[in-house]
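Residues per chain are reported as follows:
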Amino acid sequence: MLKTTFSMKELVDQAAGALRALITQVPAIRLEDVEIEPRAHDRNVDILAHINVSDRPHVLVCEVKSNGQPRHVRAALLQLRNYAAHLGEDATPIFIAPYLSPEAQALCRENDVGFLDLEGNARVAFRNVFIERLVSSKPSSARRKLKSIFKPKSAQVLRVMLRDPARGWRVAELAKIAGVSLGHVSNVRTGLLDREWGHVSKKGLFISEPDALLDAWRDAYDPSNGKRISFYTTMHGSALEDTARQVLGAQSEKAVFASFSAAHWLAPYGRTGTQYFYADDAGLERLKRHLKLSTSLKGENVVVTVPKDDGLFREIVEPMPGVVCTSAVQTYLDLWAAGERGKEAAEHLRRERLSWPT
């Protein structure tokens, strides 16, 4: 308990320092006093900054939280606005956290609450004063937490949920379908709720903001999760496709169309001279044998990726008999990571196969 109390006190002190630094950069504002954890009017607030603007007194009412995720921000905004309203029209509410994502910043704007984070993002507006500063940096802890929700085991859960975002899931049922532990589902649940990408209804957890979730997954996606091998084959055109379909239909080995090859069957946009596959070790050997693949340093026309985690094989689709592909979500992610041409194909696929009712 002592460690938690000290950490929060330290955070409030850092927040007060950041607020002072922000205010003193504006010549028109004179800082009179900064009260930390004042007790007044039978209400608690973390910081009261008394300032003077054009010979008129004003107060900045600040709430400091250690978690800047949207769910925690939303819960604090009403209380903060009510406290500022209690002080009168010469008070402006400010929310402060170690880091506020663009979504959290948008929440503050929607609720007419200023914000400041320790990364340097800030927005304070009242009377004829307007301060806004946005930085591109993101703390490593925030990057790690965001990436953790898209790691392979968590991704298995998300792929299942994105089949039908509006469907409610119980934790145990979702863990069974996704093939992961209850702990992994609980972690995904917390991540979705904190970022307000998911909500809980009487039927269970569901994805309320599938587009925002997919955008974040796309931006954080790491396509290097596996061994990528380039091959050359003398087969081409329909002969190559027909033989590949026979290989992909096998049950004992895992091999599926991926990337541009999967997109050709899911949402045709433009053909490429290279065929792409995901395969396990046994599936790779089957592809090499039947497609007559030889290792190629250049002039590749077949690319096979052997993923470190085989969870993506749990979410495969068969748009036509023998045409076994990665899911629309996985195909979208791989296309987006493939460069400019891939992004065009990804957006086409998203319009065709990944559009959800708003």
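Right above here is the structure, for reference.
Basis of the calculations
Residues numbered from 1 in each chain as written. Predicted model: local features only at pLDDT ≥ 70, side-chain atom pairs only at ≥ 80, totals over all residues. Heavy atoms only, no water. Pairing = 2+ DSSP bridges. Helix = DSSP H or I, 4+ residues; strand = E, 2+ residues; numbered from the N terminus. Axes fitted to C-alpha atoms, helices over the stretch in contact; angles between N-to-C directions. Contact = heavy atoms within 4.5 Å. Phe/Tyr/Trp six-rings, centres within 6.5 Å; stacked < 30°, edge-to-face > 60°. Buried < 20%, exposed > 50% of the residue type's maximum accessible area, 1.4 Å probe, protein only. Lys NZ or Arg CZ within 6 Å of the ring centre and 35° of its normal. Expected span 1.5 Å × (residues − 1). Salt bridge = Lys/Arg side-chain N within 4 Å of Asp/Glu carboxyl O. Parallel < 35°, antiparallel > 145°, perpendicular 65-115°, else oblique. Left-handed = near helix turned anticlockwise from the far one by under 90°. Nonpolar A, V, L, I, M, F, W, Y, C, P; charged D, E, K, R; others polar. Core = buried A, V, L, I, M, F, W, Y, C linked by side-chain atoms within 4.5 Å.

Draft legend 1. How the structure looks around the sheet that holds strand β5 (residues 56-64). Pairing in this open sheet of seven strands is mixed, and the strands run β1-β4-β5-β6-β7-β8-β9 from one edge to the other. Looking at which strands have only one partner, the edges of the open sheet turn out to be β1 (29-36) and β9 (129-133). Averaged over all pairs of adjacent strands, the angle between their axes in this sheet comes to 25 degrees, without regard to strand direction. Pairing of strand β4 (residues 47-53) with β5 involves seven bridges; the strand directions are antiparallel. Counterpart to His-50 in the pairing with β5 is Val-59. Together, β6 (91-97), β7 (114-117), β8 (122-126) and β9 form the strand contacts of helix α3 (residues 102-110), whose direction differs from that of β7 by roughly 155 degrees.

Draft legend 2. Inspection of the packing of aromatic side chains at higher detail. Counted by the stated rule, this structure contains five aromatic pairs. Aromatic pair Phe-150 and Trp-197: ring centres 6.4 Å apart, planes at 25 degrees, arrangement stacked. Linking Phe-150 in the loop between α4 (140-148) and α5 (152-161) with Trp-197 in the loop between α7 (182-194) and β10 (198-201), this pair joins segments that are 47 residues apart in sequence. The same class applies to Phe-150 as to Trp-197, namely buried. A ring pair is formed by Phe-150 and Trp-217, whose centres lie 5.6 Å apart and whose planes are at 10 degrees; its orientation type is stacked. Taken together, the residues Phe-150 in the loop between α4 and α5 and Trp-217 in helix α8 (residues 210-220) connect sequence positions 67 residues apart. Neither Phe-150 nor Trp-217 differs from the other in exposure class; each is buried. Members of the aromatic cluster, connected to one another through ring pairs, are Phe-150, Trp-197 and Trp-217. A cation over a ring is seen here: Arg-167 above Trp-169, with NZ or CZ 3.7 Å from the ring centre. The ring of Trp-336 has Arg-218 sitting right over it, with the charged end atom 4.4 Å from the ring centre.

Draft legend 3. Structural view of helix α13 (residues 340-353). Over its 14 residues, α13 extends 20 Å from the first C-alpha to the last, a length consistent with the 20 Å expected when each residue adds 1.5 Å. Among the residues of α13, Gly-342, Ala-345, Ala-346, His-348, Leu-349 and Arg-350 are the ones counted as buried. In the core, the buried residues of α13 are packed alongside α8, α10 (259-266) and α12 (328-336).

Draft legend 4. Structural context of the pattern of salt bridges. Counting across every chain of the model gives 18 salt bridges. One salt bridge connects Asp-211 with Arg-350, and the closest N-O pair in it is separated by 3.1 Å. Of this pair, Asp-211 sits in helix α8 while Arg-350 is found in helix α13, placing the two residues 139 residues apart along the sequence. As a salt-bridge pair, Asp-215 and Arg-350 come within 2.8 Å of each other at their nearest N and O atoms. One end of the pair, Asp-215, is in helix α8; the other, Arg-350, is in helix α13, and 135 residues separate them in sequence.

Draft legend 5. Examining the packing of helix α6 (residues 171-178) against α7 more closely. Two elements in contact, α6 and α7, have axes whose closest approach is 9 Å; the angle formed by their N-to-C orientations is 115 degrees. When the interaxial angle is binned, α6 and α7 end up roughly perpendicular. The handedness of the crossing between α6 and α7 is right-handed. Mapping the contact onto sequence places Val-171, Ala-172, Leu-174 and Ala-175 in α6 and Leu-182, Val-185, Ser-186 and Arg-189 in α7. Residues belonging to the contact of α6 with α7 are distributed by class as follows: six nonpolar, one polar and one charged.

Draft legend 6. Highlighting the nonpolar core. Judged by nonpolar contacts, the single largest core of 72 residues is most densely connected at Phe-150, Leu-192, Trp-217, Phe-257, Phe-277 and Leu-287. Sort the elements by how many residues they give to this core and α12 lands first, with six residues. Apart from residues no more than four positions distant in its own chain, Phe-257 is found in contact with Ala-244, Arg-245, Leu-248, Ala-262, Trp-265, Gln-275, Tyr-276, Phe-277, Val-323, Val-324, Cys-325 and Thr-326. By size, the runner-up hydrophobic cluster in this structure holds 24 residues, among which are Ile-47, Ile-94, Leu-116 and Val-129.

Draft legend 7. Representation of the pairing of strand β16 (residues 302-307) in the model. Counting buried residues along β16, six of its six residues qualify, which places the element largely inside the surrounding structure. Judged by which residues are buried, β16 turns out to be covered on both faces: Val-302, Val-304 and Val-306 on one side and Val-303, Thr-305 and Pro-307 on the other are all buried. When strand β12 (residues 226-232) meets β16, the two strands line up antiparallel, connected through six bridges. In the sheet register, Ile-229 faces β16, and the bridge partner there is Val-304. In this sheet, β16 lies alongside strand β14 (residues 275-279) in parallel orientation, the contact comprising four bridges. Its bridge partner being in β16, Phe-277 is matched across the sheet by Val-304.

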